[in-house]
Amino acid sequence: MTTLVCLGIYLEFHPGTNDRILKFAERCAQAGADRSEGRRPKYVVQRPHLTLFHAMVREPDLERIRKEVNFLHTFCIGEPVSFTDVAVFGDKFLFLDAHRSPLLQLVHAKAVLTLLPYLDRETVRPAQKEGLILSPAEQSNVETFGHPLVGPEYRPHATLAYDENPEVIARCVLPPDDLRSQMIAAVRLGIMGEYGSLHEAL
């Protein structure tokens, strides 16, 4: 692969978990529409996942990256992830936040180190295009790693929705479903799309 691309390493869940996340995201979007005279978020998740790290990269060595992802897969498969809260991030994203366990913090760090050698530092980062309201630490991460949620700021989550209007997203917040102890089905490599979406699994 020689072109510039947004690569991500992410956790995949079982179909039952995916269905529950999709239904919950739709309920959140509908709640926002009910509170906003029919205005739904611009983006609502279609392929649920939990990103360990993604960034704009150039000329990645996919064979090497896949070996690292396969190692993470054998390390993580069958381990639990507990989704604990629904919150707004950057004034524009609706997150289903997960408990930041030692396992997730560790595999996040490994995902960052796997993609870091190929990081493109010249391209405008997705977080910059999205116009997110970030803390100084998150902004520093964007400049260094191409993503705001790295290291101590890592925030494991499944993205539920996005809208450029903060009021629309704020109206989508609902109490979370009980999604504790959801099993990791796989660790995957993929091409990421807009708003943290999964465009294509590799």
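Read on for a plain summary of the structure. (Residues numbered from 1 in each chain as written. Predicted model: local features only at pLDDT ≥ 70, side-chain atom pairs only at ≥ 80, totals over all residues. Heavy atoms only, no water.)

### Considering the overall build of the protein
- Helix and strand content of the protein: 6 helices and 8 strands.
- Counting helices and strands in the order they occur from the N terminus, the protein gives β-α-β-β-α-β-β-α-α-α-β-α-β-β.
- Taken over C-alpha atoms, the radius of gyration comes to 16 Å for the protein, in line with the 17 Å a tight globule of 202 residues would show.
- In terms of overall dimensions, the protein has a C-alpha envelope of 50 × 35 × 30 Å along the principal axes.
- The buried share among the 202 residues of the protein stands at 52%.
- Sequence-distant contacts, at least 24 apart, represent 83% of the contacts inside the protein between residues at least 6 apart.
- As presented, the protein carries roughly 9400 Å² of accessible surface, and 51% of it is formed by carbon and sulfur atoms.
- Separation of charge centres in the protein, based on 22 positive and 26 negative side chains, amounts to 2 Å. (Helix = DSSP H or I, 4+ residues; strand = E, 2+ residues; numbered from the N terminus. Rg over C-alpha atoms; globule rule 2.2 N^0.38 Å. Buried < 20%, exposed > 50% of the residue type's maximum accessible area, 1.4 Å probe, protein only. Contact = heavy atoms within 4.5 Å. Areas by Shrake-Rupley, 256 points an atom, 1.4 Å probe, with all protein chains shown as cover. Lys, Arg positive; Asp, Glu negative; His and termini not counted. Charge placed at Lys NZ, Arg CZ, Asp CG, Glu CD.)

### Examining helix α5 (residues 136-145)
- Among the residues of α5, those classed as buried are E138, N141 and V142. Down the axis of α5, the sector holding all buried residues measures 105 degrees, keeping them to one side. Among the exposed residues of α5, those pointing more than 90 degrees away from its buried face are P136 and E143.
- Positive phi appears at G146, one or two residues downstream of α5, with a value of about 85 degrees. (Arc of directions from axis to C-beta.)

### Points about the packing of aromatic side chains
- The full count for this structure, using the stated rule, is 7 aromatic pairs.
- Seen in terms of ring centroids, F13 and F83 are 5.6 Å apart; in terms of plane orientation they differ by 65 degrees. Their pairing is edge-to-face. Taken together, the residues span a long stretch of sequence, with F13 in strand β1 (residues 4-13) and F83 in strand β4 (residues 80-89) at a distance of 70 residues. This pair shows no difference in class: F13 is buried, exactly as F83 is.
- Ring geometry for F93 and F95: centres 5.9 Å apart, planes at 40 degrees, overall tilted. (Phe/Tyr/Trp six-rings, centres within 6.5 Å; stacked < 30°, edge-to-face > 60°.)

### Some remarks on the pattern of salt bridges
- Under the definition given, this model contains 9 salt bridges.
- The partner of R40 in a salt bridge is E26, with the nearest N and O atoms 2.9 Å apart. Placement of the pair is R40 in the loop between α1 (15-35) and β2 (43-44) and E26 in helix α1, with a sequence separation of 14 residues.
- Accessibility expressed as a relative area gives 31% for R40, which makes it partly exposed. (Salt bridge = Lys/Arg side-chain N within 4 Å of Asp/Glu carboxyl O.)

### Considerations on helix α3 (residues 102-115)
- With 14 residues, α3 extends 20 Å between its outermost C-alpha atoms, agreeing within 8% with the 20 Å of an ideal straight helix rising 1.5 Å per residue.
- Within the span of α3, buried status applies to L103, L104, V107, H108, A111, V112, T114 and L115. Taken down its axis, α3 places every buried residue within 165 degrees of arc, on the same side. Those residues of α3 that are exposed and angled more than 90 degrees off the buried face are P102 and L113.
- Elements that come into contact with the buried residues of α3 comprise β1, β3 (50-58), α2 (62-76), β4 and α5. (Expected span 1.5 Å × (residues − 1).)

### Side note on the side chain of H147
- Relative to the helices and strands, H147 resides in the loop between α5 and β6 (157-162).
- Look at H147 and you get buried, because its relative accessible area is 12%.
- At 3.0 Å, the side chain of H147 and the backbone nitrogen of L149 are in polar contact.
- Excluding its chain neighbours within four sequence positions, the residues that come into contact with H147 are F53, H54, N141 and V142. (Polar contact = N/O pair within 3.5 Å; in protein donor to acceptor, adjacent residues only side chain to side chain.)

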